2 protein chains.
Amino acid sequence: MSTSKVVIVGGGFGGLSAARRLSRTPGIMVTLVDKRNYHLFQPLLYQVAMAGLSPAEIAYPLRALLRHDSVEVLLGEVQKVNLEERWVQTEANRITYDFLILACGSTYTYFNAPEWEAVAPALKTVAQATEIRRKVFRAFEEAERTQDPKAHDRFMTFVIVGGGPTGVELAGSLGEITRFSIQRDFDHISPQNARIILIEAGPSILPSMTPALQDEAIRELGELGVEVRVNALVSMITEEGITAGGEFISTATILWAAGVAQGPLNRKLGVELDTQGRVIVSRDLSLPGHPEIFVIGDQAHYKWGAQGTPLPGLAPVAMQQGRFVAKVIRARVAGARPPEHFNYIDKGQMATIGRSRAVAMYKGLEFSGFTAWMAWLVVHIYYLIGFKNRVFVLFQWAWTYLTFRRGARLMIEKE
Amino acid sequence: MSTSKVVIVGGGFGGLSAARRLSRTPGIMVTLVDKRNYHLFQPLLYQVAMAGLSPAEIAYPLRALLRHDSVEVLLGEVQKVNLEERWVQTEANRITYDFLILACGSTYTYFNAPEWEAVAPALKTVAQATEIRRKVFRAFEEAERTQDPKAHDRFMTFVIVGGGPTGVELAGSLGEITRFSIQRDFDHISPQNARIILIEAGPSILPSMTPALQDEAIRELGELGVEVRVNALVSMITEEGITAGGEFISTATILWAAGVAQGPLNRKLGVELDTQGRVIVSRDLSLPGHPEIFVIGDQAHYKWGAQGTPLPGLAPVAMQQGRFVAKVIRARVAGARPPEHFNYIDKGQMATIGRSRAVAMYKGLEFSGFTAWMAWLVVHIYYLIGFKNRVFVLFQWAWTYLTFRRGARLMIEKE
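Residues numbered from 1 in each chain as written. Chains lettered and ligands numbered in written order. Predicted model: local features only at pLDDT ≥ 70, side-chain atom pairs only at ≥ 80, totals over all residues. Heavy atoms only, no water.

Visitor: How do you make sense of the nonpolar core when you look at a structure like this?
Guide: General note: in soluble globular proteins, nonpolar side chains tend to be found buried as a group. Ranked by size, the top nonpolar core spans 64 residues in total, and within it A:Val136 and A:Phe140 carry the most contacts. The element contributing the most residues to this core is helix H5 (residues 126-145) of chain A, with eight residues. Apart from residues lying up to four places away in sequence, A:Phe140 is in contact with A:Met156, A:Phe158, A:Thr178, A:Ile182, A:Phe186, A:Ile189, A:Pro191 and A:Ala194. Listed in part, the 63 residues of the second largest apolar core include B:Tyr46, B:Met50, B:Ile196 and B:Ile205. (Core = buried A, V, L, I, M, F, W, Y, C linked by side-chain atoms within 4.5 Å. Buried < 20%, exposed > 50% of the residue type's maximum accessible area, 1.4 Å probe, protein only. Helix = DSSP H or I, 4+ residues; strand = E, 2+ residues; numbered from the N terminus. Contact = heavy atoms within 4.5 Å.)

Written as structure tokens, this is what we have:
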């Protein structure tokens with residue numbers, strides 16, 4: 001039997017799930033290409049930004065995860081895919097494939113104002129998370145040492161743009177830090193009086209949740225001192241502050257959690273994309289006209305349900321798609337009949353707001369408060385990859401829960 | 001009773017010890033100024049560089065350490081001291097003092113070749129440690145993906161400059177990583193065959209230890225694959241490699257652990273400095289002619305012993321000096337007679353080389369191997385500040401000891 005070479009681009013939830021299902025399969029060799037050397041547990045990245053966790057607690061070396069398997073890991077950023085000759089090109093290597101799985105994830109966009117990025121960092125990478133951490137704790141230090149009341153107010157005002165789960169989680173954590181972690185640390189300022197404003201362009205936060213849960217989230221955020229402003233489109237961001245819904249807010253700290261977009265690769269594929277730039281895939285997640293190429297996770301637009309809306313960019317979607325594609329490839333390599341179309345099993349949605357505060361929906365049921373928070377905790381611990389990280393994170397959370405302390409409150413200097 | 005204002009510059013071992021001893025003292029208000037918001041447990045920084053620990057495990061927020069005390073913490077870098085008017089100036093504040101304690105530590109020098117810094121990072125800050133980590137693990141990834149044998153050899157060669165404790169610890173950890181942590185992670189390279197070369201300009205490594213321990217250290221390093229070269233002065237460093245002792249070594253990774261120096265502040269004080277730029281202090285650690293100013297730790301040159309050699313730049317020295325200076329100030333404020341001169345209690349010296357490998361000397365006794373390593377472990381855990389960090393680091397080490405795994409093996413992208 002000849003060997004089929006499967007190349008997977010991206011070691012996130014989708015790519016990693018596919019790699020694991022394809023490993024140790026007779027007749028299949030896997031090469032996983034990623035521009036980073038670690039798998040990142042993205043749903044907890046906001047905890048790194050908010051000093052609750054260290055990067056190593058939510059990131060794990062890909063080589064260690066795929067060590068014993070028939071999987072080669074290669075560092076590199078794929079810059080080109082040649083669909084006809086079947087190879088991908090990184091800055092260092094050309095890799096040929098029999099099957100290709102694209103699982104590159106998504107990135108942030110500042111729409112038509114890329115200059116906002118310098119002022120309002122987004123939360124997608126570990127470096128961005130530590131930069132946000134530095135920025136937030138720097139603001140308190142600046143407020144502490146200034147003698148100018150206007151500067152004080154500006155440093156004590158924090159604006160988060162984007163009312164999706166990430167924006168809600170950032171705002172909630174920030175509320176908790178100011179109210180329960182550092183409220184006694186300073187001599188000249190009162191962190192518990194910090195203004196935290198969550199701004200959403202649309203009519204509601206957490207748009208994929210029910211109105212009841214949206215209201216509950218706003219109520220729980222309010223308990224932590226977070227003001228929520230909806231229907232507030234951002235029109236300007238400068239070092240001085242932000243203009244949203246026509247109103248200017250003087251602030252030194254703006255965090256960006258809005259505007260999902262795709263990297264430059266999709267446009268080079270020459271296939272149909274949706275308005276967000278995602279690849280519109282066939283029923284088996286393959287590229288139309290290319291049954292040997294699959295696109296999964298945030299990079300793919302897969303129509304689902306009665307309305308045919310695209311599946312959301314969630315870890316469970318990517319993981320299920322990774323496993324499905326692995327099954328298709330294994331069947332094809334073995335000469336068996338592959339499954340014809342991908343079925344999504346809805347794992348529900350959740351967003352955490354703070355200690356004992358969260359909202360969740362699962363199969364028509366709605367949860368909030370402590371129950372939702374416990375569910376969130378259990379699910380996230382369960383999925384955190386690597387035994388050590390799981391124990392560490394549990395311990396860290398138990399510690400934070402009991403003491404309200406945040407150990408990772410470091411401003412690592414930029415150099 | 002009027003209140004005396006004590007300003008401490010620097011939150012390292014010396015400054016923190018002084019701040020703690022001066023806190024909650026009637027008649028004394030303390031302001032601690034540091035350019036970072038955390039106390040760093042410097043002796044373990046090489047573990048961050050070598051992926052054994054995360055930054056938050058060896059760094060602790062100064063505000064959290066000094067929260068309950070009569071101590072104000074202020075972020076800032078002192079740029080000027082006015083000895084006559086008794087104030088210090090940071091980029092944001094002017095702070096007056098009745099007593100001043102300078103505890104700014106030391107920095108690295110590249111002698112007359114500052115351009116080497118871009119190629120050969122030193123290990124002094126957390127940012128430098130994560131940069132070294134990135135560089136080291138990047139080299140293995142580059143070796144893995146190159147097809148050029150010369151490039152492979154260059155990426156698989158690691159040079160550490162400086163045979164003091166930091167250089168020995170870096171070289172030993174690197175030996176251990178390549179032999180026991182990542183030796184099975186790659187498909188195309190054999191990390192256990194990596195060349196690790198420790199270069200020292202002087203006639204021996206660990207110059208402050210006995211010849212027997214120096215030999216033992218060389219033997220233990222050799223077991224981990226580290227070549228030691230003494231009497232090898234570095235004459236050139238470029239992207240291509242390093243020339244030391246007249247020989248060129250092709251390498252992509254050079255780490256700098258040589259050349260201690262002082263920041264720019266000392267030269268502005270207008271007092272006598274030694275050849276390293278340290279302030280030569282009086283018997284009570286005060287600045288000659290200024291009994292209200294003290295200089296401690298790495299920043300000070302305090303003659304000690306029969307030969308009158310300066311005390312080494314070790315944490316116990318700084319801590320004892322911090323406590324001594326606090327005692328002097330407390331006595332003076334209380335109108336009592338202060339102690340006249342500082343007595344150093346020798347706590348010995350140790351350097352760890354790897355798992356179960358270390359050398360240590362204490363009161364004329366010499367230890368090596370497992371015994372020295374256990375002693376090193378106990379001492380470092382004991383001094384690690386903050387209960388949580390202590391438990392965490394213990395757990396992390398136990399894990400690494402049992403599994404040889406290194407969880408913090410992340411290459412955080414530079415942005």
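Visitor: What is the right way to look at the packing of helix H1 (residues 13-22) of chain B against helix H10 (residues 315-334) of chain B in this model?
Guide: Angle between the axes and distance between the axes are the two parameters that describe a pair of packed helices. Residues and elements named next belong to chain B. As a packed pair, H1 and H10 sit with axes 7 Å apart at the nearest point and diverge in direction by 35°. The handedness of the crossing between H1 and H10 comes out as right-handed. Counting all contacts with H1, which are made through Phe13, Gly14, Ser17, Ala18, Arg21 and Leu22, the residues of H10 involved are Ala315, Ala318, Met319, Gly322, Arg323, Ala326, Ile329 and Arg330. When the residues that make up the contact of H1 with H10 are grouped by side-chain class, the tally is eight nonpolar, three polar and three charged. (Axes fitted to C-alpha atoms, helices over the stretch in contact; angles between N-to-C directions. Left-handed = near helix turned anticlockwise from the far one by under 90°. Nonpolar A, V, L, I, M, F, W, Y, C, P; charged D, E, K, R; others polar.)

Visitor: I'm lost on unusual backbone geometry in this one. Help?
Guide: Most peptide bonds take the trans configuration, and most residues that are not glycine carry a negative phi. At A:Ala51, a position not held by glycine, the phi torsion is positive, near 70°. Relative accessible area serves as the criterion here: at 0%, A:Ala51 is assigned to the buried category. Although it is not a glycine, B:Leu285 sits at a positive phi angle of roughly 70°. Tracing the backbone shows B:Leu285 in the loop between strand E19 (279-280) and strand E20 (286-287). You can call B:Leu285 buried: its relative accessible area is 0%.

Visitor: Even after reading the chapter, I still don't get the sheet that holds strand E6 (residues 80-82) of chain B, so can you show me in this structure?
Guide: Hydrogen bonds along the backbone pair up the strands of a sheet, which may run parallel or antiparallel. All names here are of chain B. In spatial order, the strands read E6-E7-E8; together these three strands make up an open sheet with antiparallel pairing. In this open sheet, the two strands that pair with only one neighbour each are E6 and strand E8 (94-96). Each adjacent strand pair in this sheet contributes to an overall mean axis angle of 20°, direction not counted. Two elements, E6 and strand E7 (residues 87-89), share three bridges in a ladder whose sense is antiparallel. Counted as the bridge partner of asparagine 82 is tryptophan 87 from E7. (Pairing = 2+ DSSP bridges.)

The values reported here are purely geometric and, on their own, carry no functional implication.
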